Amino acid sequence: MDAFSIPSAAVKVLVVEDESVLAENMNIYLSALGGEVRVAIDGASAVGLGCSFAPDVLVLDYSLPDMTGFEVLDGLRRCGCLSPCVLITAHPGHRVSEEVRRRGIAHVLFKPFALADLAAQVLGVKVGRR
């Protein structure tokens, strides 16, 4: 990496992703850049973890084994978590786009995506590329 900037205070990030390799890669990368990261691999555990962890930012996969990322977001909102959300999906479509707009989700990343792009959205970190 050529250059990068680390946020002054650790940003608490909840990553919700059922693909174990991708979830681990996001965890390692965001942690290395100064994030305090927790990972959930399904919606039910994400809601429980999110309500107790109180993340600053959510990274939600759209398609999980037990629910959609939107349903996870609804569950987190019910427990008072108002954190901004980055939705990640391999299946963008009209329905997903409409729900993103309706729910005010500011950022969507389409799989596959560069981890540097995720870091920019989640941590506000700009990572230099070679």
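That block above? That's the structure.
When its secondary structure is counted, the protein shows five helices and five strands. Starting at the N terminus and ending at the C terminus, the protein contains elements arranged as β-α-β-α-β-α-β-α-β-α. Within the protein, buried positions represent 44% of all 130 residues. Across the protein, contacts joining residues at least 24 apart in sequence account for 67% of those joining residues at least 6 apart. Total accessible area computed for the protein in this model is approximately 6,600 Å², and 55% of it derives from carbon and sulfur atoms.

The next point concerns the pattern of salt bridges. Opposite charge on two side chains allows them to pair when their charged atoms are near. A full pass over the atoms with the stated rule returns eight salt bridges. In this structure, the salt-bridge partner of Lys111 is Glu19, at a minimum N-O distance of 3.1 Å. Residue Lys111 is located in the loop between β5 (107-110) and α5 (115-122), and its partner Glu19 is located in the loop between β1 (12-16) and α1 (20-32); the two are separated by 92 residues in the primary sequence. Note on Glu19: relative accessible area 41%, which makes it partly exposed. A salt bridge links Arg38 to Glu36, with the nearest nitrogen and oxygen atoms 3.2 Å apart. Take Arg38: its relative accessible area is 32%, and that puts it in the partly exposed class. On the basis of relative accessibility, which here comes to 29%, the residue Glu36 falls in the partly exposed class.

Time to look at the pairing of strand β3 (residues 57-61). Counting buried positions along β3 gives five out of five residues, so the element sits mostly inside the fold. Side chains Val57, Val59 and Asp61 of β3 all project onto a buried face; the interleaved residues Leu58 and Leu60 project onto the opposite face, where all are buried too. Note that β1 and β3 share four bridges and pair parallel. Counterpart to Leu14 in the pairing with β3 is Leu58. Across four bridges, the pairing between β3 and strand β4 (residues 85-89) is parallel. Residue pairing in the sheet places Asp61 in a bridge with Ile88 of β4. For the crossover from β3 across helix α3 (residues 69-78) to β4, the handedness is right-handed.

Our focus in this paragraph is the packing of α3 against helix α4 (residues 94-103). Relative orientation of the contacting elements α3 and α4 amounts to 20 degrees, with a least axis distance of 11 Å. The angle between the axes of α3 and α4 places the two elements in the roughly parallel class. Regarding α3 and α4, the two cross each other, and that crossing is left-handed. Of the residues in α4, those in contact with Phe70, Leu73 and Asp74 of α3 are Val96, Glu99, Val100 and Arg103. Classifying every residue of the contact of α3 with α4 gives four nonpolar, no polar and three charged.

Conventions used here
Residues numbered from 1 in each chain as written. Predicted model: local features only at pLDDT ≥ 70, side-chain atom pairs only at ≥ 80, totals over all residues. Heavy atoms only, no water. Helix = DSSP H or I, 4+ residues; strand = E, 2+ residues; numbered from the N terminus. Buried < 20%, exposed > 50% of the residue type's maximum accessible area, 1.4 Å probe, protein only. Contact = heavy atoms within 4.5 Å. Areas by Shrake-Rupley, 256 points an atom, 1.4 Å probe, with all protein chains shown as cover. Salt bridge = Lys/Arg side-chain N within 4 Å of Asp/Glu carboxyl O. Pairing = 2+ DSSP bridges. Right-handed = clockwise from strand over helix to strand, strands pointing away. Axes fitted to C-alpha atoms, helices over the stretch in contact; angles between N-to-C directions. Parallel < 35°, antiparallel > 145°, perpendicular 65-115°, else oblique. Left-handed = near helix turned anticlockwise from the far one by under 90°. Nonpolar A, V, L, I, M, F, W, Y, C, P; charged D, E, K, R; others polar.

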